[in-house]
There are 2 protein chains.
Amino acid sequence: MARDPTNPLLLTPGPVSVSATTKAVMMVDRPSGDVEFLDDIAFARSYLVALIHGQDRYTAIPVPGSATYANEAAITTLVPPGGKVLIHSNGVYGDRLIEIASHLQVPHAVIRTAPFTPATPEPFADALMTDPAITHVMVVHCETSTGILNPLEPIADLCRRAGKGFLIDAVASFGAIGIDARTLHFDAVMLSSNKCMQGVPGVGWAVVRLGALGAAKGNSRSLTLDLWEQDQYLERTGLFRYTPPTQVVAAFAQACREHEAEGGAPGRLARYQRNWRRLIDGMRQMGFTTVVPDAFASPIVATFHNPDHKAFSFQALFEGMKRRGFIIFPGRLALENTFRIGCMGAVTEADIADAMEAVAETMQEMGVTELGRPAAS
Amino acid sequence: MARDPTNPLLLTPGPVSVSATTKAVMMVDRPSGDVEFLDDIAFARSYLVALIHGQDRYTAIPVPGSATYANEAAITTLVPPGGKVLIHSNGVYGDRLIEIASHLQVPHAVIRTAPFTPATPEPFADALMTDPAITHVMVVHCETSTGILNPLEPIADLCRRAGKGFLIDAVASFGAIGIDARTLHFDAVMLSSNKCMQGVPGVGWAVVRLGALGAAKGNSRSLTLDLWEQDQYLERTGLFRYTPPTQVVAAFAQACREHEAEGGAPGRLARYQRNWRRLIDGMRQMGFTTVVPDAFASPIVATFHNPDHKAFSFQALFEGMKRRGFIIFPGRLALENTFRIGCMGAVTEADIADAMEAVAETMQEMGVTELGRPAAS
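This report concerns the structure included in the present document. (Residues numbered from 1 in each chain as written. Chains lettered and ligands numbered in written order. Predicted model: local features only at pLDDT ≥ 70, side-chain atom pairs only at ≥ 80, totals over all residues. Heavy atoms only, no water.)

Focus on the pairing of strand β4 (residues 108-112) of chain B
Residue and element names in this part refer to chain B. Covered by surrounding structure in β4 are Ala 109 and Ile 111 only, the residues His 108, Val 110 and Arg 112 on the alternate face being uncovered. Alignment of strand β3 (residues 85-89) against β4, held across 5 bridges, turns out to be parallel. Paired with Val 85 across the strands is His 108, a residue of β4. The parallel pair β3 and β4 is bridged by helix α4 (residues 92-104), and the resulting crossover is right-handed. (Buried < 20%, exposed > 50% of the residue type's maximum accessible area, 1.4 Å probe, protein only. Helix = DSSP H or I, 4+ residues; strand = E, 2+ residues; numbered from the N terminus. Pairing = 2+ DSSP bridges. Right-handed = clockwise from strand over helix to strand, strands pointing away.)

Structure (structure tokens):
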């Protein structure tokens, strides 16, 4: 079933579609200091802490802007002068963390691993052994540029044993893939108001261990990105330090309520998994093949090879899908001849089924009729 | 006439109310790379440059977050290593610029002047004479904590003659009080998506002289706040570097269209002046007195003394106004026993008349019946 193309469904790595009820709260102008808005802020903060089971040990700090700001805020606030951060990258978002550290002139070391397999703990163990200057380790949980999921537990264990701070960029996974502070040792996890939390984009968040934050006073070389000061001010007044994006914050509180109503991260993950299964099966039936092996894939976003057929063009597929009310996404430059379809956001299995129909129609329109047999995975 | 208190009119220094049509564009989920959204970005950028008559000489750079981010971005990007910025303050927002420079560890000197009179050029001339290390001067145009308007021309002239960069925090004035790059010499002006531009809050902007920006490559110690890189990326791709707050940006483009339809800054200023006149006259008729002399006041926000009457309490006035659908604002801590009422945003003279009625009713409710004669101004 085609949708209204002026109000499309986003099947992308982000921004993702959010519910009409979440968007609806933005139709009101809110004073930033009023009691109802303060309740929204307090609820969102405590909800995020509860999501990681971090009650009394963690604090949730909003960073207006985007999740990239939250990652920068975590590095500038939590890595002290004289500190050094070991950054892992197997994709675009790992590379961005390296860029952040370079700009901040924060000493850093880099581990790069292959883009289509998850990180393994060995190079981390080696780096921590050979470079005692390292004080922190930072990884991307779900690398959105491929959809690959890097395992956190073995790296968290290494950090715990070695007494290093562990920082997690969970921007693409938080809210769907559980992160449990009772069993996982980490100093901070960063997330977006959008993505799996399904608020509108515009606020990043850092959920920070109180012990790590307490030691971070005065570290930040940025006023606006100072997590310590933002947290202090919130704790004292309930307010953001500077004018917040009131509509975005109110929408985020509503998104948290809807996240809770869906059964939290397990409920959301189950829906995304159904979306992903329907997507992968549907695309394979049409002869498309995936880039990341199923065993390493996350139900966040899937990457497909452009089919090797003379009539196929990604641009035509994109346009045909857009006319039918669905937005899909090109691959990253590093992955030539690929494209991505997301499973996140206010998207149901029925929506994915409709999208598969739209793909089939568009392929027929293009004259791509025979892609051969589905590839094995 | 009272309003719906669940959808109140904000008569505050910000966030301010925006039109229903501006908020309505947020009910759609937009892909961040799609042609319609790129058109919105391009239109907003060119509209801001046109507003200052800076075509071909200036570029408009969005900074997701808030206007404070834009001020920090301007300082970290435009003041080079070895540079020094002279910051003026006669209120809370001037003080915030000093805090930004302190955090960034950017060398700076400070001129403080009295809070209820505008800055005069003499101390700037003295500072530039005695401290040749100064490379930039930064001032707040409209100091929202009092509503006072600092004159730009004499300071811009000093900077031009001395070859110093001039940075303007016009967060509270931009869009209503004209800033004309044909006659005023400056390197950058910073603004909010909200305030007099009447978009929803969530994006700051810096409109920067190309010559100044071209010299600023590599200065920024922040990745997210690097104006040079954000501008390069926008020029090359039409896109923000990182996921933008798509709803906020689309609403800002709509707000620019409505600003244009109102006749640009002169049209908007005329409406705010009518609002301010109605507000000041109405409040004086009830016996309230203003803090800032009319000659120095801006039609952005007005500051009133709490009346010296035993039955008066600001909290009761605030609550009574809120029940009637109007939000007013306390004074800043530095100005004890004052409160503020804003004239900005999607607010008409008729709205202010309704608000005056609500003040009268609330005063009666409190039992404040006789405030004495209107004070002379």
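Still more ground to cover, so stick around.
Here we look at the interface of chain A and chain B
Quoted interface sizes are often the accessible area lost when the parts come together. Facing the 57 residues of chain A at the interface are 57 residues of chain B. Between chain A and chain B, the buried area comes to about 4600 Å², and carbon and sulfur atoms account for 56% of it. The tally of links from chain A across to chain B stands at 6 salt bridges. Taken together, the links from chain A to chain B amount to 20 residue pairs in polar contact (both at pLDDT 80 or more). Of all elements in the fold, only α1 (20-24), α2 (35-51), β2 (58-64), α3 (67-78), α4 (92-104), α9 (246-261) and α11 (314-323) of chain A reach the threshold of two or more residues within the side of chain A that touches chain B. No other element matches the 5 residues that α4 of chain A contributes to the side of chain A that touches chain B. (Contact = heavy atoms within 4.5 Å. Buried area = accessible area lost by both parts, 1.4 Å probe. Salt bridge = Lys/Arg side-chain N within 4 Å of Asp/Glu carboxyl O. Polar contact = N/O pair within 3.5 Å; in protein donor to acceptor, adjacent residues only side chain to side chain.)

Here's the deal with empty space enclosed by the protein
Applying the stated criterion to the full structure yields 7 cavities of 30 Å³ or more. Counted as a void, the largest cavity has a volume near 240 Å³. Around the largest cavity sit 23 residues that line it, and Thr 243 of chain A together with Ala 67, Thr 68, Val 171 and Lys 195 of chain B are the ones nearest its centre. Only α3 (67-78) and α4 of chain B provide two or more residues apiece to the lining of the largest cavity. The volume enclosed by the second largest cavity comes to roughly 90 Å³. (1 Å grid on protein atoms, 1.4 Å probe; cavity = no way out; pocket = protein on both sides within 12 Å on 5 of 7 lines; lining within 4 Å. Points joined across faces, edges and corners; volume = space filled by probe spheres on them.)

Quick word on helix α12 (residues 349-366) of chain B
Residue and element names in this part refer to chain B. The end-to-end C-alpha distance of α12 is 26 Å, a good match for the 26 Å that 18 residues give at a rise of 1.5 Å each. Three or more residues of α12 are buried, namely Asp 351, Ile 352, Asp 354, Ala 355, Met 356, Ala 358, Val 359, Thr 362, Met 363 and Met 366. Lining the buried residues of α12 we find β1 (9-10), α10 (264-285), α11 (314-323), β12 (326-327) and β14 (338-342). Positive backbone phi, approximately 85 degrees, marks Gly 367, located one or two places after α12. (Expected span 1.5 Å × (residues − 1).)

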